[in-house]
Amino acid sequence: MSTVLGEGKLLDEKGELCESGYALSQVKSYSRADIKRKKLRIKEWDYYYFGDDDYAIALTVADNSYMSLGSVSLLDFKHLKYKTVSKIGLLPKGKLKMPSSCSEGNVEFEKGGVKIEFKIDERGKRTLMCEYKKFDGKKNFACEVELEPASGDNITVAIPFEKKRTFYYNTKINCLKGVGWFSVGDNRHEFDNGIGGLDWGRGVWPYSNTWYWSSLSCEAEGKPFGLNLGYGFGKPTASENVIFWDGKANKIDDVKFDIPYTKGAPDYLKPWKITDDKQRLELIFYPMIDRRDKMKVLMLSTDQHQVFGKFYGKAVLDDGTIITVTDKTGFAERVVNKC
């Protein structure tokens with residue numbers, strides 16, 4: 001049975017979760033100083049995705065204690081291609097001063113020709129800015145996006161792992177509307193009516209993890225509609241699976257990503273099936289771009305497949321209303337990490 005989080009501190013004096021479960025707002029207060037594991041195991045990140053039917057950008061700033069990261073992805077849905085570039089720093093150990101809340105505080109990353117800023121003003125409006133020198137060969141990348149203040153529910157989970165004092169505290173905010181632009185060299189694209197979301201995470205993880213995550217933010221039947229779906233991470237006492245409709249979260253339980261296999265390996269560019277255990281979610285995901293990031297350095301490795309494509313199917317709200325999903329752009333991913 002799902003546990004609903006109450007207000008209060010996230011961690012107790014021993015560095016353990018005070019309680020685990022989910023909430024529809026970020027009710028638990030997080031402090032890096034409360035963590036009792038080795039400081040090099042702490043991971044903190046903000047990831048924003050924003051786009052329209054033609055292009056999307058993804059911006060990440062992370063302080064993973066042993067390394068900092070400023071990353072930019074540009075997705076071109078018209079030509080079915082992408083580019084991801086990242087700048088890495090060593091041993092930040094909290095120097096980025098990542099905010100303790102998803103609704104206030106600024107994020108800044110600057111290193112070697114890369115500058116990324118996420119700002120939230122007193123009204124809750126978010127501004128995303130980036131400059132990345134030589135993003136595409138000799139061409140520079142730049143962007144600026146203004147997101148409307150978040151309204152309605154989000155999904156927040158506090159999840160333990162097997163080892164003591166390890167946890168995952170995460171908030172996903174879907175359906176963030178906004179305007180903005182990006183440029184690569186002299187080419188510029190205006191987002192007149194874009195939409196996206198935020199993945200805000202803090203925690204201490206085990207060395208090895210495999211997880212699945214999917215996110216969709218769009219409009220359906222003239223109202224904001226979103227999906228946040230995921231599993232495989234930690235020992236959840238509640239899922240992060242939600243259907244968002246017009247600002248309200250409709251909670252669902254377990255989901256499954258059925259990824260096709262070819263010759264014994266996942267075939268990420270073939271259609272996926274995504275379903276839940278109560279027949280409230282029946283989706284076919286048609287991939288367009290596999291944004292793959294594979295790296296191995298000594299004992300550290302990652303094999304990420306963040307696949308962008310189109311969703312078709314249906315989602316059933318708490319009251320039984322059926323929302324038809326047709327030709328909606330989002331992503332689904334499978335990630336294997338050892339870090």
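Shown above is the structure to which this text applies.
Novice: Let's hear about the packing of aromatic side chains: which residues, and what values?
Specialist: Both the distance between ring centres and the angle between the ring planes are used here to describe each pair of aromatic rings. The full count for this structure, using the stated rule, is 32 aromatic pairs. Relative to F118, the ring of Y48 lies with its centre 4.8 Å away and its plane at 70°, an arrangement referred to as edge-to-face. Within this pair, whereas Y48 is found in strand β4 (residues 42–51), its partner F118 is found in strand β9 (residues 114–120), the two being separated by 70 residues in sequence. Pairing Y231 with F257 gives two aromatic rings, centres 5.5 Å apart and planes at 90°, and the pair type is edge-to-face. With Y231 in strand β16 (residues 223–231) and F257 in strand β19 (residues 255–258), this pair connects stretches of sequence that are 26 residues apart. Among the residues examined, Y231 registers a relative accessible area of 26% and is labelled partly exposed. Through successive ring pairs, a cluster of aromatic residues spans F50, Y55, Y132, F135, F141, F182 and F191. The positively charged end of R188 is found above the aromatic ring belonging to W181, 4.2 Å away from the centroid. The lysine or arginine in question, K251, covers the ring of Y22, its NZ or CZ lying 4.9 Å from the ring centre.

Novice: Go over empty space enclosed by the protein, please, and point to the residues and values.
Specialist: As enumerated under the stated definition, the model contains two cavities of 30 Å³ or more in all. The space that makes up the largest cavity amounts to roughly 110 Å³. Contributing to the lining of the largest cavity are 16 residues, with Y49, G197, L198, S215 and F331 lying nearest its centre. Each pocket or cavity is described by its volume, and for the second largest cavity that value is around 60 Å³. Residue assignment for the lining of the second largest cavity shows that the elements contributing at least two residues are β4, β9 and β14 (187–204). In terms of residue count, β9 provides more of the lining of the second largest cavity than any other element does, three residues in total.

Conventions we followed
Residues numbered from 1 in each chain as written. Predicted model: local features only at pLDDT ≥ 70, side-chain atom pairs only at ≥ 80, totals over all residues. Heavy atoms only, no water. Phe/Tyr/Trp six-rings, centres within 6.5 Å; stacked < 30°, edge-to-face > 60°. Helix = DSSP H or I, 4+ residues; strand = E, 2+ residues; numbered from the N terminus. Buried < 20%, exposed > 50% of the residue type's maximum accessible area, 1.4 Å probe, protein only. Lys NZ or Arg CZ within 6 Å of the ring centre and 35° of its normal. 1 Å grid on protein atoms, 1.4 Å probe; cavity = no way out; pocket = protein on both sides within 12 Å on 5 of 7 lines; lining within 4 Å. Points joined across faces, edges and corners; volume = space filled by probe spheres on them.

Everything listed is a geometric property; what it means functionally is a separate question.
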